[in-house]
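# Observations on chain architecture
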Amino acid sequence: MMKDMVKKRAVYDRNEMAGSGSSILSAFLYGLNAFFAFHAYKGGSNPIAFTCLSSFFSMLIFMFLLLKKKTPILPKKGQTLWLVLDGMLGGFTTLFLFSAFERIATGIATVLHFTYPVYVAVAGIWVLKKKLTKGKGIALVLCLTGIIVTSDVSGTGSALGIAMALISGITYAGYILVMEKSDLQKTDYLWFSFYMVGIRGIGALLFGNITGRMVLSMTKTAWIMTVTHAVLTGVVANILFQCGMRYVGGATASLLSMFEPVTCVAVGIILLGETITPVKLFGCAMIMSGILVVAWEEHRKK
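Scope of this entry: the structure provided in the associated data block. Starting afresh in each chain, residues are numbered from 1 along the sequence in its written order. Per-residue local features are limited, in this predicted model, to residues with pLDDT of at least 70; the limit for side-chain atom pairs, both in listing and counting, is 80 or more; totals at the level of whole chains, interfaces and linings are taken over all residues. Based on all heavy atoms of the structure, the side-chain values leave hydrogens and waters out of the count.

Here we take up the overall build of the protein. Check the secondary structure of the protein and you find 13 helices and zero strands. The helix and strand labels rest on DSSP assignments: H or I over at least four residues marks a helix, E over at least two residues marks a strand, and numbering proceeds from the N terminus. Along the protein, helices and strands appear, N-terminal first, in the series α-α-α-α-α-α-α-α-α-α-α-α-α. Counting the 302 residues in the protein, one finds 49% classified as buried. Contact definition: two residues touch when any of their heavy atoms are within 4.5 Å. For the protein, long-range pairs separated by at least 24 residues make up 88% of all intrachain contacts whose partners lie at least 6 apart in sequence. Throughout, exposure labels follow a simple rule: accessible area from a 1.4 Å probe, protein chains only, divided by the maximum for the residue type, with under 20% read as buried, over 50% as exposed, and the rest as partly exposed.

What follows is the structure, given as structure tokens:
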């Protein structure tokens, strides 16, 4: 009996390590979003084209994986409208965030985007009549103060970039709430991801054609960055995050995903040559602290 307990504990520890490692690696890959976008933009791309093309490349990979698994692709009755709504919210999130990358430091844009757990908590209080806990109250104060400290609106471009980054967090909060409300989170994650990137790609393509900003004439480097982004962040990071959720649970996986904005800030400073003042770093730290309070509170509940 003791040997069985030791074996079970060893398996649990291995699963815990695998889940934590998958979640952290996923967050690191997502943190490279800005790096790929930055170099794609330098080669003639833009947020709309980058979102569209990357999404379609990811969709093709997900389709291959679904066909290999022999998973039915067509949605069931009642799922189509929810898929379209959630796909549109995900598409708006990507477009707003990638557009913010053009206007403000990518690290700050990502940190501002990561205020979405606070919006989810606020929505739960207003819409679902949940109680405002002490932790969520502290998180709101920290995040709001951090946003004020971080937001330098001395220029029109930076003001618009800050607004876009914050809106991307709001739309992503909506994406999460719709996913929970519709039970889409219970579907096969490859199937769900296939539709999310597909709808996002179609939306970006339509918007790009309407605005005249859809471009295909890019340098070889821009194409390489777009395809690499599709593979590493669109597919690999997505699958790693799902593996992390399977082994350590959604709450812990979400907590470990805080490595993403940290990675993005580091990449922006080290690889992209961005400068972030100590005051803005302090504001980012306040926002991250508020997000961690919410994540830790949810983690303790689970």
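Still more to cover.
Turning to helix H7 (residues 134-150), a few remarks are in order. The end-to-end C-alpha separation of H7 is 24 Å, in line with the 24 Å expected for 17 residues at 1.5 Å each. Listed in full, the buried residues belonging to H7 are Gly135, Lys136, Ala139, Cys143, Gly146, Ile147 and Thr150. Along the axis of H7, the buried positions cluster into a sector of 100°, meaning they face one direction only. In H7, the exposed positions that point more than 90 degrees away from the buried face belong to Lys134, Val141, Leu144 and Ile148. Multiplying 1.5 Å by the residue count of a helix minus one yields the expected span of that helix. When we speak of the arc, we mean the arc of directions from the helix axis to the C-beta atoms.

As a further point, take the environment of Thr94. With respect to the helices, strands and loops of the structure, Thr94 is situated in helix H4 (residues 80-100). With relative accessibility at 13%, the residue Thr94 sits in the buried group. Separated by 78 residues in sequence, Thr94 and Tyr172 have C-alpha atoms that sit 8.8 Å apart.

The next thing to look at is a nonpolar patch on the surface. On the surface, a nonpolar cluster with roughly 380 Å² of combined accessible area is contributed by Ile269, Ile270, Leu271 and Leu281. Position of Ile269 among the secondary structure elements: in helix H12 (residues 259-270). Distance thresholds for patches are 9 Å for like charges and 5 Å for nonpolar side chains (Val, Leu, Ile, Met, Phe, Trp, Tyr), applied to residues having over 30% relative accessible area and no salt bridge. Computed by Shrake-Rupley with a 1.4 Å probe, the accessible areas treat only the displayed protein chains as cover when residues are assessed. Any carboxyl oxygen of Asp or Glu that lies within 4 Å of a side-chain nitrogen of Lys or Arg is treated as forming a salt bridge with it.

This next bit is on the environment of Thr93. With respect to the element layout, Thr93 can be found in helix H4. Residue classification places Thr93 among the buried residues on the basis of a relative accessible area of 6%. Separated by 78 residues in the primary sequence, Thr93 and Thr171 place their C-alpha atoms 5.5 Å from one another.

Among the residues making up helix H2 (residues 33-42), those that are buried are Asn33, Ala34, Phe36, Ala37, Ala40 and Tyr41. Each buried residue of H2 lies within a common arc of 160° when the element is viewed along its axis, so the set occupies one face. In the segment just after H2, Gly44 is the residue with positive phi, at about 110°.

On to the nonpolar core. We call a set of buried residues a nonpolar core when its members are Ala, Val, Leu, Ile, Met, Phe, Trp, Tyr or Cys and they connect through side-chain atoms within 4.5 Å of each other. In terms of nonpolar packing, the biggest core is built from 64 residues, with Leu83, Phe101, Leu112 and Phe192 touching the most fellow members. Counting residues per element, this core draws most heavily on helix H8 (residues 156-182), at nine residues. Judged by nonpolar contacts, the second largest core, of seven residues, contains Ala49, Cys52, Ala204 and Met218.

We now examine the pattern of salt bridges. Enumeration over the complete set of coordinates arrives at two salt bridges. For Asp188, the salt bridge is made with Lys69, and the minimal N-O distance between the two is 2.9 Å. One end of the pair, Asp188, is in the loop between H8 and helix H9 (189-211); the other, Lys69, is in helix H3 (residues 47-69), and 119 residues separate them in sequence. Overall, the relative accessible area of 28% leaves Asp188 in the partly exposed class. For Lys69, a relative accessible area of 45% puts it in the partly exposed group. A salt bridge links Glu102 to Arg103; the shortest N-O distance between them is 3.5 Å. Since its relative accessible area comes to 38%, Glu102 is described here as partly exposed.

As for its placement among the helices and strands, Thr233 is situated in helix H10 (residues 220-248). Residue classification places Thr233 among the buried positions, given a relative accessible area of 4%. Think of a polar contact as two N or O atoms within 3.5 Å of one another; within protein, one of them needs to be a possible hydrogen donor and the other a possible acceptor, and neighboring residues in sequence only count if both atoms come from side chains. Here the side chain of Thr233 touches His229 through a polar contact of 2.6 Å, landing on its backbone oxygen. Beyond its immediate stretch of four places on either side in the chain, Thr233 contacts Leu29, Tyr30, Asn33, Phe36, Thr228 and Asn238.

Moving on, we get to unusual backbone geometry. Positioned with a positive phi, Lys70 is a non-glycine residue whose angle comes to about 60°. Tracing the backbone through its elements, the reader meets Lys70 in the loop between H3 and H4. Looking at Lys70, the relative accessible area reads 75%, which means it is exposed.

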